[in-house]
Amino acid sequence: FFFPFQNFRSPLSSHNIYTIISTLANMKVIALFVSLFVCAQAFSPMTSNGRSSTALSESLFTKIANMDLFAPVKDQNDYGARNKKNVKVGTLSKKSYVPAGLSKAEYEKVRKSEADKKKANYERNVKKAGIFIDYTAWYKQRGTDTGSD
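Predicted, not measured: the structure shown is a model, and the values here were computed from it.

Novice: Is there a simple way to explain the overall build of the chain in this structure?
Specialist: Summing up its helical and strand segments, the chain has four helices and zero strands in all. For the chain, the N- to C-terminal ordering of α and β elements is α-α-α-α. In the chain, buried positions account for 7% of the 149 residues. A sequence separation of at least 24 residues applies to 28% of the contacts in the chain between residues at least 6 apart. On the chain, roughly 14,200 Å² of surface is accessible, and the fraction owed to carbon and sulfur atoms is 61%.

Novice: What should I look at first to understand the layout of surface pockets in this one?
Specialist: To find the voids left in a structure, one rolls a probe of water-molecule size over its atoms. By volume, the largest pocket is sized at about 300 Å³. In this structure, the largest pocket is lined by Arg82, Asn83, Lys85, Val87, Lys88, Val89, Ala115, Lys118, Lys119, Tyr122 and Glu123. The residue makeup of the lining of the largest pocket, split by class, is four nonpolar, one polar and six charged.

Novice: Teacher, can you tell me more about the side chain of Arg111 here?
Specialist: Here Arg111 shows up in helix α3 (residues 104-128). Sequence-distant contacts of Arg111, that is, excluding residues within four places in its chain, are made with Val89, Gly90 and Leu92.

Novice: Hey, could you run me through the packing of aromatic side chains in this one?
Specialist: A ring pair, where both rings are aromatic, is described by two values, the distance of the centres and the angle of the planes. Enumeration over the complete set of coordinates arrives at three aromatic pairs. Pairing Tyr135 with Trp138 gives two aromatic rings, centres 5.6 Å apart and planes at 35°, and the pair type is tilted. Of this pair, Tyr135 and Trp138 both sit in helix α4 (residues 135-142), three residues apart, which is roughly one turn of that helix. With relative accessibility at 55%, the residue Tyr135 sits in the exposed group. With a centroid separation of 5.8 Å and an interplanar angle of 25°, the aromatic rings of Tyr135 and Tyr139 are classed as stacked. Of this pair, Tyr135 and Tyr139 both sit in helix α4, four residues apart, which is roughly one turn of that helix. Over the face of the ring belonging to Tyr122 we find Arg82, whose NZ or CZ atom lies 3.9 Å from the ring centre.

Novice: How should I be thinking about α3 in this particular structure?
Specialist: Note: α-helices contain 3.6 residues per turn, so residues at a spacing of three or four share the same orientation. Here α3 is 25 residues long and its end C-alpha atoms lie 37 Å apart, about the 36 Å a rise of 1.5 Å per residue gives. Every buried residue of α3 is accounted for by Tyr107, Arg111 and Tyr122.

Novice: Mind showing me how you'd approach the pattern of salt bridges here?
Specialist: Pairs may arise between side chains of opposite charge once their charged atoms sit close together. Applying the stated criterion across every chain, the model contains one salt bridge. With its nearest N and O atoms 3.4 Å apart, the salt bridge here joins Lys112 to Asp116. Of this pair, Lys112 and Asp116 both sit in helix α3, four residues apart, roughly one helical turn. For Lys112, a relative accessible area of 53% corresponds to the exposed category.

Novice: Quick question: what am I supposed to make of a nonpolar patch on the surface here?
Specialist: A grouping of Leu60, Ile64, Met67, Leu69 and Phe70 is seen on the molecular surface, where their side chains present a nonpolar patch of about 550 Å² in accessible area. Mapped onto the secondary structure, Met67 falls in the loop between α2 (60-65) and α3.

Rules of the game
- Residues numbered from 1 in each chain as written.
- Predicted model: local features only at pLDDT ≥ 70, side-chain atom pairs only at ≥ 80, totals over all residues.
- Heavy atoms only, no water.
- Helix = DSSP H or I, 4+ residues; strand = E, 2+ residues; numbered from the N terminus.
- Buried < 20%, exposed > 50% of the residue type's maximum accessible area, 1.4 Å probe, protein only.
- Contact = heavy atoms within 4.5 Å.
- Areas by Shrake-Rupley, 256 points an atom, 1.4 Å probe, with all protein chains shown as cover.
- 1 Å grid on protein atoms, 1.4 Å probe; cavity = no way out; pocket = protein on both sides within 12 Å on 5 of 7 lines; lining within 4 Å.
- Points joined across faces, edges and corners; volume = space filled by probe spheres on them.
- Nonpolar A, V, L, I, M, F, W, Y, C, P; charged D, E, K, R; others polar.
- Phe/Tyr/Trp six-rings, centres within 6.5 Å; stacked < 30°, edge-to-face > 60°.
- Lys NZ or Arg CZ within 6 Å of the ring centre and 35° of its normal.
- Expected span 1.5 Å × (residues − 1).
- Salt bridge = Lys/Arg side-chain N within 4 Å of Asp/Glu carboxyl O.
- Patch = residues over 30% accessible without salt bridge, like charges linked within 9 Å, V, L, I, M, F, W, Y side chains within 5 Å.

Rendered as structure tokens:
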């Protein structure tokens, strides 16, 4: 046998057996105290070294609500801003879908005409943006308002 203790004389010596048992018992007690300390430390509240702040922090919703999502380009979502953007119909490649009964050139022509209609409609609506009709005046002019002044 080899025991890693300093005062080892003989394996059968009662003094050595007592020393081994007491050393193991002391080690168990020390290990128990260390583990209890670590467990108690893990569940104890954190202490702060600095002075705690008394200011109320914003809630997550308030932070998000106060964000200016259009900060980089302020007018990117205004009516008529589509003309400033690069919005176009994609080009057809060799692997693109072409409906049965149409050639690639015919399908491109159809797509271009649809895009032109969409653009013309958008331009027509942009011209009307911000122009409002007074409903009361319009209703009176229509001639169906006979009961009021």
